[in-house]
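Residues per chain, in single letters:
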Amino acid sequence: MSFAGRHLTRAGAALFLALLVTPAAASTQRRFALVAGNDTGGPDTRPLVFAAQDARRFHAVLTELGGVAPADTELLINQNADQLLHSLDSLESRIAEAQRRGQSTILIVYYSGHAKDGELRLGDSRLSFAALKSRLAAAAADIRVGIFDSCHSGMITRGKGARRAPAFEIEATGSQETRGLVLLSSASADEEAQESDEVGGSYFSQYLVSGLRGDADLSRDRRVTLSEAYAYAYARTVADTAESAAGAQHPTFSFDLKGNADLVLTDLTSRREGLYVPASAPAGTYYFIDASGSIAAEVVKPADADRQIALPAGRYRVRRRLADRLRIGEIRVAEGQVQTLDESSLRDAPFADDPVKGRSREAGVAVNLSVGATVQAFFDAPTRDGLFPPAGLLSAEVQVRNFFRRSWLMAFDVAAGSANGQVTRLDTPLPFRFSEFTGGLSLATEWPLWNGRLVPYTGLRLAYLLLSRKFEDRTIPDQFFSTFSPGLVAGLRCQLWGGFGAQARARAHYLLYNVDQNRSLGYWELSAGLSYDL
Amino acid sequence: MTCKTVKALVLLAAVAGCGNYSNEDLDFQLALPEDGELDAKLPQALTLDNSAEYYTQTRKVVTTFNGCAAALTNLVDHVRSYPPTSRNGAERTWGPFSDDKHPGWQMRVVMVRSADPAAPAPGFVIAYRFQIRNASQSGSAFFDFLTGSYTSSGGARRGQGDMHLLVQDARVAGYPVADFGDLAKLDLNYDTSGYPITVEMTIANVATADSPGATYGYTESADGSGALVFDWSTKAVPGAPGVTDIAFTSRWLGSGAGRADAYLPTGNVAVGTDCWGPDTVADYVWRWDGQGNTGSPDLCAFGAPN
C-alpha cells in the first residue's frame, strides 16, 4: 500500500449540492444516502490518507448525478459509530415518511475507512459488519445498497448470493418493481483495501466514482447502472492492484433482490457539463485532475471509440501516461457545456512533471529551507510608538513536513532585524536603535491543494525573543528584554518550479512584558520569502 | 526527561521574561544631573602667567566649585550607568554594591518617584538617597550619605534639584571620609530648567577647620556670559585683623572678558577690582591700598556690582 499526502476533499463539492434535480429524483422514486469516511481507525491502525476524501467524492457524484437530493443525504466525515447509526435512524424516518406518501425509496450507504476483525473502525469506535448488515437488511427502503471500501470488507457480503466475480447482471426488461438488498465491498474478506497515490484515492472508490461519472457506461445509454459501475470498478481495481505489494484486491458483491429492473445509479443526462473524448483521440487512460490536485475522474478510452463523462464546471489538468513520457494539458469545462478534449492541446512531458506524482513526494518526510523578510509590529499603539517599534527582520526557516504524521509541519525559524525608534520621557525625545532577534518552533497542519502546489497551513508557534535598544544619548545604558512568546501561525506555500517555492505567512503572538509591571501585549508578523526543497 | 533536557529548560526559563527594557527607568535615570552639567563654565580654558589676579582666583574657585559638583554627581553615576537592581512600583533600587575602595562597606541608591501637583508637567518629584552601611557589622543599617531631589521641567535632566552630601554623618558612623578633608556638609541647589541656569553651593567644614565654609552662587546665561559669587569664611585674613569673611563677585562675557570685585561682606567694603579682556590679561586693576593700580575702569566689560 502506498500513501499519499492527506488532502481535504474539495470544498467545491458543496457548490454542486444545489444541482441535483435528476429524472430519478423527479419521479416517484426517492433516493437517500448515508456517506461516511473516516481516516482513523483507532489503535493498531495507521491513518488512511484518502478515506474521507473518497467519501466526499462519492457524496458529490451521488448528489450531482445520482438523483439524491442534498436534503436526503448524510455526509459523515471522521465521525464515530454512534453518529453513523444516529444518521441512519434519521434517514430511515425520512424514508418511512416518503413511503407513506407512496414514493418508492432507495437507501445507499457508503463507507470508506478502516475495518478489522469483522468490525468497521470509525476512529476509536467500532461497528460490526454483522450488525450493520442486519440493519440494512431490515431497513424499510425498497432497495438498500451498501458499499463498503475497507479492508476485509468482503466479510459483509458473505452469505447468500455472495460472489467474488467481475460482474453481476440484473435483467432490465422486467416490469416488476425491484426490491431488496445489494452489498458491494472493495475487497474480499481476507484482503486489504488499498489506497494509491497514483489514483489519488482508494482504488475501488476512485474507479467506482469514475465509472459513475460515465466511464462505466458500457451500454452508452448515458445511464450508469449498479452492475455497470461494479463491473468497471472490479476490473480496474483487480488490474491495478495485481502488481502491488499487497497483492490483487478483489471487490465482492452480494444481492438479494426481487424484481427485474437494474438500478440506475447515475443519470448522465441530468448533467449538462462534462468532458467528451472523441473517437479520434488516442486510446489509453486519461486522468482528469481537479483544482485540488485530486483525480476527479478517469476515462479508459478504447481505440476508435468515444467516451463522455459528467464533470462539474471547472478547470482540469489532463494526463495520459505513455511508456516513455506523459501527455499533459489543461481543459476547462464551462457551465452547461460538454468540452471536447483536443489531443493537440496536450504536450509531452517527462514523468517528473506528473501532476499527480507530486503527491507521493509529499507523503514522506520532506525538508525545505526558506529565507525571507518579516514585518513585525505590536498591536498596542503606545507600545508600538515608544517601547517596541515596528521592525523589519530577515528570517530563515527550516520546515520539516510529515515528520510526526502526514501533513503535519514542524518548523524552526530565526530572524533578526532592527528599526529606529523614539521614546519621549520628561518632555524629551530620546531616539534609539531597536534590535531584535527571534527564534521559533512551529507545529502546524497543512492542507495541500492543487497537487501540493499550493499549501495553506496553520498551527502554533513558540518564539523566543531578544529585544534590545541602544540610545543615541550614550549616557543612558542599553536596554534589553528577553522572553518566550506563544502564538498562532498561518501561511501559504506555493510551489513554483523545480524545488523552489514562495511563502507568505502571518503570525499573531502573545507577549508578557514584566519589567515595570505585568502587561499582556500582542504582536503580529507578516512574512514573505522563497523556499527550496532540500 | 534527561538531565540535559532539564538543564536546557532551566536555562530557557532563566532567560525568559527578564531584562531592563523599561521606559519608566528612564525617568529615574534622566532625573540625575550628569557629570559636568552643574559645572561653572569660564570661556577660557587656560590661565596665563600674566592673567589678571582676580581672573586667576576666579578660575581656581571655578575648579573647586566644579570639583565639588563632580563629587556629588559621581556618587550617583551607578544610577545612570546601570539598570536598577530591583523595581517596586515607583521605587527603584541600585545595589547594594560592595565599596571597592573601602572593603567591608556597602552602598546603594534608592530613588522614589512621587506625584507633585505643584510640579510642572509631568508633575512628579524624584527623591534619591545614596546610602552606605558597614556590612562587616551585623545589623548595621544603611544611612544616608547623599540625599537629593529633582523636579522635572524643561526636559531630561532639566529642572530644579537639590543635593546634600552628609560627610559628617558618615564620619561619625565610621565611614572613611579622608578624601573629603575638613568637609562636614555640602549642599547644592540648582535650577537648570531654563536660562539663566543657577547653581548654589554651600560648604560647611568641621569646626576644627581653618575655614568654617564657603558659599558659591553661579549663574549662566544663554550667550555664554556668567557670574560666580563666592564668599569665604575664614578664621583670619592675613594682614587684615578682624576680617573673617571675604566675598568675590566675578562676571564674564561669552568672549571671555570679565570683571571681578572683592569686598568685605560686613559693611560691603570694596577691597579690589580686576577687569580683563578676552586674553585674560588685566586691563584695569584697583586695590584699596593703591598697590599696583593700573588702567581705566572704562575698559571694564561690566560696571561695579550692585
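Residues numbered from 1 in each chain as written. Chains lettered and ligands numbered in written order. Predicted model: local features only at pLDDT ≥ 70, side-chain atom pairs only at ≥ 80, totals over all residues.

1. Considering the overall build of chain B
And step 1. Across its full length, chain B holds five helices and 16 strands.
And step 2. Within chain B, the proportion of its 306 residues that are buried is 33%.
And step 3. The contacts in chain B between residues at least 6 apart in sequence include a share of 42% that link residues at least 24 apart. (Helix = DSSP H or I, 4+ residues; strand = E, 2+ residues; numbered from the N terminus. Buried ≥ 20, exposed ≤ 12 C-beta atoms within 10 Å, placed from the backbone. Contact = placed C-beta atoms within 7 Å.)

2. Brief notes about the interface of chain A and chain B
And step 1. Listed per partner, the contact involves 22 residues of chain A and 24 residues of chain B.
And step 2. Counting only elements with at least two residues in the side of chain A that touches chain B, the list comes to strand 24 (408-425), strand 25 (428-446) and strand 27 (479-497) of chain A.
And step 3. At six residues, strand 27 of chain A tops the list of elements feeding residues into the side of chain A that touches chain B.
And step 4. Taken together, the residues of the side of chain A that touches chain B break down into 12 nonpolar, seven polar and three charged. (Nonpolar A, V, L, I, M, F, W, Y, C, P; charged D, E, K, R; others polar.)

3. Overview of the environment of B:Gly95
Residue and element names in this part refer to chain B.
And step 1. Within the element layout of this structure, Gly 95 appears in strand 3 (residues 91-98).
And step 2. In this structure the C-alpha to C-alpha distance between Gly 95 and Val 79, which are 16 residues apart in sequence, comes to 9.6 Å.
And step 3. Residue contacts for Gly 95: discarding those within four places in its chain leaves Thr 85, Met 107, Arg 108 and Val 109.

4. Focus on the sheet that holds strand 8 (residues 179-185) of chain A
Residues and elements named next belong to chain A.
And step 1. If you walk across this open sheet you meet the six strands as 2-1-3-7-8-12, and the pairing is mixed. Two strands bound the open sheet, and with one partner strand each, they are strand 2 (68-77) and strand 12 (252-258). Sheet twist, expressed as the average angle between the axes of neighbouring strands with direction ignored, equals 10 degrees.
And step 2. With seven bridges joining them, strand 8 and strand 12 adopt antiparallel strand pairing. Across the sheet, the residue bridging to Ser 185 is Thr 252, located in strand 12. (Pairing = 2+ DSSP bridges. Axes fitted to C-alpha atoms, helices over the stretch in contact; angles between N-to-C directions.)

5. Some details on the nonpolar core
Residue and element names in this part refer to chain A.
And step 1. Grouped together as the largest cluster of nonpolar side chains are 90 residues, with contacts concentrated most on Leu 107, Tyr 110, Leu 212, Ala 229 and Phe 288.
And step 2. Examining the composition of this core, we find that eight residues originate from one element, helix 2 (residues 51-65), more than from any other.
And step 3. Mapping this core onto the domain boundaries places at least three of its residues in each of domain 1 (19-263) and domain 2 (274-359).
And step 4. What Ala 229 contacts, discounting residues up to four positions off in sequence, is Leu 208, Gly 211, Leu 212, Ala 216, Val 224 and Leu 265. (Core = buried A, V, L, I, M, F, W, Y, C linked by C-beta atoms within 7 Å. Domains from an automatic or database assignment.)

6. Some details on helix 3 (residues 53-75) of chain B
And step 1. Taking 1.5 Å as the rise per residue, helix 3 of chain B with 23 residues should run 33 Å; its terminal C-alpha atoms sit 34 Å apart, in good agreement.
And step 2. Among all positions in helix 3 of chain B, only B:Tyr54, B:Tyr55, B:Thr58, B:Val61, B:Val62, B:Phe65, B:Ala69, B:Leu72 and B:Thr73 are buried. (Expected span 1.5 Å × (residues − 1).)

7. Topic: the environment of A:Gln308
Residue and element names in this part refer to chain A.
And step 1. The residue Gln 308 is located in strand 17 (residues 307-310) in this model.
And step 2. Sequence separation of Gln 308 and Pro 278 is 30 residues, and the distance between their C-alpha atoms is 8.3 Å.
And step 3. Apart from residues no more than four positions distant in its own chain, Gln 308 is found in contact with Gly 214, Gly 274, Tyr 276 and Val 338.

8. Things to note about the sheet that holds strand 21 (residues 347-349) of chain A
Residue and element names in this part refer to chain A.
And step 1. The five strands lie next to each other as 16-15-18-19-21, forming an open sheet whose pairing is antiparallel. Edge positions in the sheet fall to strand 16 (295-301) and strand 21, since each has one partner strand and no second. This sheet shows a mean twist of 30 degrees between the axes of neighbouring strands, independent of strand direction.
And step 2. Taken together, the six bridges between strand 15 (residues 284-289) and strand 16 define a ladder with antiparallel strand orientation. Its bridge partner lying in strand 16, Tyr 287 is registered against Glu 298.

9. Quick notes on unusual backbone geometry
And step 1. Across the junction of B:Gly95 and B:Pro96, the peptide omega takes the value 10 degrees, indicating a cis bond.
And step 2. Its location among the elements puts B:Pro96 in strand 3.
And step 3. Residue B:Pro196 follows B:Tyr195 across a cis peptide bond; omega there is 0 degrees.
And step 4. Position of B:Pro196 relative to the elements: it lies in the loop between strand 8 (183-191) and strand 9 (197-205).
And step 5. Notably, A:Asp304 is not glycine yet its phi reads approximately 60 degrees, a positive angle.
And step 6. As for its placement among the helices and strands, A:Asp304 is situated in the loop between strand 16 and strand 17.
And step 7. Of note, the phi angle at B:Thr280 is positive, near 70 degrees, even though the residue is not glycine.
And step 8. Following the sequence through the fold, B:Thr280 ends up in the loop between strand 14 (269-276) and strand 15 (282-287).
And step 9. Under the C-beta neighbour-count criterion, B:Thr280 is labelled buried, with 23 such atoms within 10 Å.

10. Regarding the packing of helix 2 of chain A against helix 5 (residues 203-215) of chain A
Residue and element names in this part refer to chain A.
And step 1. The N-to-C vectors of helix 2 and helix 5 enclose an angle of 15 degrees; their axes lie 10 Å apart at closest approach. The orientation of helix 2 relative to helix 5 falls into the category roughly parallel. Of the two elements, helix 2 crosses helix 5, and the hand of that crossing is left-handed. Across the interface between the two elements, Asp 54, Arg 57, Phe 58, Val 61 and Leu 65 from helix 2 touch Ser 205, Val 209, Leu 212 and Arg 213 from helix 5.
And step 2. Grouping the amino acids of the contact of helix 2 with helix 5 by side-chain chemistry returns five nonpolar, one polar and three charged. (Parallel < 35°, antiparallel > 145°, perpendicular 65-115°, else oblique. Left-handed = near helix turned anticlockwise from the far one by under 90°.)

11. What to know about the confidence of the model for chain A
All names here are of chain A.
And step 1. For chain A, mean pLDDT is 81; residues scoring 70 or higher make up 84% of the total.
And step 2. Taken as a whole, residues 1-27 scores under 50 in pLDDT and shows 71 contacts with residues more than four places along the chain or in a different chain.
And step 3. Taken together, the stretch residues 355-363 has pLDDT below 50 and engages in 36 contacts with residues farther than four places along the chain or on a different chain. (pLDDT = per-residue confidence, 0-100.)

12. Re the pairing of strand 6 (residues 125-128) of chain A
All names here are of chain A.
And step 1. Note that strand 5 (residues 119-122) and strand 6 share four bridges and pair antiparallel. Across the sheet, the residue bridging to Arg 121 is Arg 126, located in strand 6.
And step 2. Taken together, strand 5 and the strand that follows it, strand 6, pair antiparallel across an intervening segment of two residues, in which Gly 123 is found at a positive phi of about 65 degrees.

13. Overview of the pairing of strand 7 (residues 143-149) of chain A
Residue and element names in this part refer to chain A.
And step 1. For strand 7, the buried fraction is high: seven of the seven residues fall into the buried class.
And step 2. Alternating positions in strand 7 separate into two faces, Ile 143, Val 145, Ile 147 and Asp 149 on one and Arg 144, Gly 146 and Phe 148 on the other, with burial throughout.
And step 3. As judged from the seven bridges shared by strand 3 (residues 104-112) and strand 7, these two strands associate in the parallel manner. Of the residues in strand 7, the one forming a bridge with Leu 107 is Arg 144.

14. Let's talk about helix 3 (residues 81-100) of chain A
Residue and element names in this part refer to chain A.
And step 1. Look at helix 3: 29 Å from first C-alpha to last across 20 residues, which is about the 28 Å you get at 1.5 Å a residue.
And step 2. Those residues of helix 3 that fall on the buried side of the exposure criterion are Ala 81, Leu 84, Leu 88, Leu 91, Ile 95 and Ala 98. All buried residues of helix 3 lie within an arc of 90 degrees about the axis, which places them on one face of the element. Exposed and facing more than 90 degrees away from the buried side of helix 3 are Asp 82, Asp 89, Ser 93, Glu 97 and Arg 100.
And step 3. Packed against the buried residues of helix 3 are strand 1 (29-37), strand 2, strand 3, strand 5, strand 6 and helix 4 (129-138). (Arc of directions from axis to C-beta.)

15. Structural notes on the confidence of the model for chain B
Detailed reading of the predicted coordinates is not advisable wherever pLDDT falls low.
And step 1. Of all residues in chain B, 91% attain a pLDDT of 70 or more, and the chain-wide mean is 86.
And step 2. The complex model carries a pTM of 0.54, and its ipTM stands at 0.76.

16. Here we look at the packing of helix 5 of chain A against helix 6 (residues 226-241) of chain A
A pair of packed helices is captured by two measures, namely the crossing angle of their axes and the spacing between those axes.
All names here are of chain A.
And step 1. Where helix 5 contacts helix 6, the two axes come as close as 8 Å, and the packing angle between them is 140 degrees. By the angle between their directions, the pair helix 5 and helix 6 is classed as oblique. Read as a crossing pair, helix 5 and helix 6 show a hand that is right-handed. Across the interface between the two elements, Tyr 203, Phe 204, Tyr 207, Leu 208, Gly 211, Leu 212 and Asp 215 of helix 5 pack against Glu 228, Ala 229, Tyr 232, Ala 233, Arg 236, Thr 237, Asp 240 and Thr 241 of helix 6.
And step 2. When grouped by side-chain class, the residues that make up the contact of helix 5 with helix 6 number eight nonpolar, three polar and four charged.

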